[in-house]
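A look at the structure
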Amino acid sequence: MKPAEKKSSFLKYIILMMAWLMLCPTVLIAAQSDQNQAPGRAMARQATKGKNIWNTTDHTKHKALQQNFKSGLEVTQACLSCHSEAESQFHKTIHWTWLADPSDKEKKFGKAGGSLNNFCISTNKTKDKSCLACHPGWGTSMDNGINCLVCHSRKEMNWDESVEDIAAFLDAGDEDSLEIAREIQAELREAAQNVARPGRKNCGSCHFYGGGGDGVKHGDLDTSLVKPNKALDVHMGVDSQNFDCVRCHNTTLHNIAGRVYTLPAAVDRKSLVEDDLASKITCESCHTHIPHKAGSKANDHTDKVACQSCHIPEFARVNPTKMSWDWAQAGKTKNGKKYKTKDAFGKYDYMTIKGQMKWARNVEPAYYWYNGIIKSVTTKDQIDPGQTVKISWPEGNRLDADARIYPFKVHRGKQPYDKEHNTLLVPLLSGKDGYWTTLDWNRALSKGQESVELPFSGRFDFVETTYVFPITHMVAPKENTLACTACHSRQDSRLANLGGFYMPGRDQGKWLDTFGWIAVLGSLAGVILHGLGRFFANGKNGENGQK
């Protein structure tokens, strides 16, 4: 080999060595990072790995969607001209029927059944038309066609108002009215052509406003989740994973996975690692039952403690949520007129037509055993008015293998009940005979009970009630999770209300503590005596050695 070639080879060798030395720390750090990666988080990244959603059609090119729609039903028919099975599928879902369980032949559970609550009190089987503002049909009737756009259009519109205005301006017939009608028709046509999978705004248009306003019902669902940051929700944060609702709430034949009145949120506690067709509706679906680093003590809690209990320290962290609603205070007037007042959050805390309400922010959840099933009282069930009535409550106990300690919002209410039949009553609220118009409880209760075909004795009073909402959104970053002492503490333990088991740090046993202290003091005395013995023994041996 020539000297020049030897020199060139030597330089290549030096360069390769330097490159290796530069890359080696990075490789080692990456390897160490992989080694320290919690197995559940690694699996979650695999299970929810970002993917490109591609389309095989351009809806702007479909002739059926290029017309000037005159009604909402025409929009629906245009959608169905291609999506022929969507209507029959959707008509069987809880979003359309508002009935919780198809096997419930008596139709006891659901907004269109015998279910009631302690915020809006009742939908009176949807006789209260204002409740139907959230039904995914056109107008305030369950007999109209499906409004596909409320879930699928990316454009924001007041759908019912738009089609009503189109009809009114077309009916007027003059040129100015027709021009306005054409403008609204152009917006509706654009909305029908710009469709996709449901986004947060689509779902939130109803679920963020449940109970009649932003954040009224759930506490972990409100408009702050339209564009949340990572600090509010690590999954939905636009600066984090940026998940839409359907990323976890899987959909099959328009059935959207989630919690209902009588059925569990998930039949099996399976992860996608175990079954790639498992529903992504529990934390375990993606994170498995070992979500933390190998050897972490937190992994020992997953069989008894829900992930949400540690990872959602408070709910309603941006917008306030309604925590109580006292209907017994409704009906007060000022100078003979209805009035409203607002609290420090700018929310109505008193309304003549609704009574006294309390709102709160950064609320610490209540904790109960929960196996995924919510039980509830219906309009036909008798109650004990001598105590607080649980209108809904979680099923489960510590011996239930499917139950976990779970966080809840507990909404407290005061609402009317029949003093003779001992049943909760469902007043008619809206319309000319509704309480909001008449402020007459007897009339409203009579009309309401008539709508659900149940008797009313004419004698009523108000009873205190509770209603629970599982808290599962607003998952905080890991640095904001609860410390161990939040629960394992003798003072102010978050789990102080849960008994029947021993929790280190929270619980104490008089005799156990006594024996423990005896053992500690005995050990300490033994160490001291042993030390003294060695000291004196060594001293004595030293004197003997000098002699």
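Notes on the structure follow. The structure displayed is predicted, hence computed values, not measured ones.

1. Describing the overall build of the protein chain
Scanning the protein chain for helices and strands turns up 14 helices and 12 strands. For 547 residues, the compact-globule formula gives about 24 Å, and the C-alpha radius of gyration of the protein chain, at 32 Å, lies well above that figure. The 547 residues of the protein chain split such that 39% are buried. Within the protein chain, contacts between residues separated by at least 24 positions form 67% of all contacts whose residues are at least 6 apart in sequence. Summed over its atoms, the accessible surface of the protein chain is roughly 31,200 Å², and 54% of this surface lies on carbon and sulfur atoms. Distance between charge centres in the protein chain, computed from 70 positive and 60 negative side chains, equals 7 Å.

2. Overview of the nonpolar core
By size, the foremost hydrophobic cluster in this structure holds 34 residues, and its most contacted members are Trp 327, Ile 383, Leu 424 and Trp 441. Contributing elements (two or more residues each) for this core: strand 6 (355-360), helix 13 (441-451) and strand 12 (460-470). When residues no more than four places from it in sequence are discounted, the contact partners of Ile 383 are Val 377, Val 389, Tyr 417, Asn 422, Thr 423, Leu 424 and Val 463. If you look at the next biggest cluster of nonpolar residues, it comprises 20 residues, including Leu 65, Trp 138, Ile 146 and Ala 192.

3. What about the pattern of salt bridges?
Scanning the entire structure with this criterion turns up 12 salt bridges. Note that Arg 404 and Glu 284 form a salt bridge whose closest N and O atoms lie 3.8 Å from each other. Of this pair, Arg 404 sits in strand 11 (residues 404-418) while Glu 284 sits in helix 10 (residues 283-287), and the two are 120 residues apart along the sequence. With its nearest N and O atoms 2.8 Å apart, the salt bridge here joins Arg 506 to Asp 507.

4. Some points on helix 13
All of the buried residues along helix 13 are Trp 441, Ala 444, Leu 445, Gly 448, Gln 449 and Ser 451. Down the axis of helix 13, the smallest arc covering the buried residues is 155 degrees, so these residues share one side. The N-cap of helix 13, judged by a side-chain oxygen 3.1 Å from the amide nitrogen of Asn 442 a few residues on, is Asp 440. The first or second residue beyond helix 13 is Glu 453, which carries a positive phi of 60 degrees.

5. Quick word on the packing of aromatic side chains
Within the structure shown, the criterion is met by 15 aromatic pairs. Among the aromatic residues, ring-to-ring pairing joins Trp 325, Trp 327, Tyr 435, Trp 441, Phe 460 and Phe 462 into one connected group. The residue whose ring lies beneath Lys 111 is Trp 98, and the NZ or CZ to ring-centre distance is 5.7 Å. Seen from the ring of Tyr 339, Lys 334 lies directly overhead, with NZ or CZ sitting 4.6 Å from the centre.

Calculation rules
- Residues numbered from 1 in each chain as written.
- Predicted model: local features only at pLDDT ≥ 70, side-chain atom pairs only at ≥ 80, totals over all residues.
- Heavy atoms only, no water.
- Helix = DSSP H or I, 4+ residues; strand = E, 2+ residues; numbered from the N terminus.
- Rg over C-alpha atoms; globule rule 2.2 N^0.38 Å.
- Buried < 20%, exposed > 50% of the residue type's maximum accessible area, 1.4 Å probe, protein only.
- Contact = heavy atoms within 4.5 Å.
- Areas by Shrake-Rupley, 256 points an atom, 1.4 Å probe, with all protein chains shown as cover.
- Lys, Arg positive; Asp, Glu negative; His and termini not counted.
- Charge placed at Lys NZ, Arg CZ, Asp CG, Glu CD.
- Core = buried A, V, L, I, M, F, W, Y, C linked by side-chain atoms within 4.5 Å.
- Salt bridge = Lys/Arg side-chain N within 4 Å of Asp/Glu carboxyl O.
- Arc of directions from axis to C-beta.
- Polar contact = N/O pair within 3.5 Å; in protein donor to acceptor, adjacent residues only side chain to side chain.
- Phe/Tyr/Trp six-rings, centres within 6.5 Å; stacked < 30°, edge-to-face > 60°.
- Lys NZ or Arg CZ within 6 Å of the ring centre and 35° of its normal.

No statement about biological role is implied by the geometric values presented.
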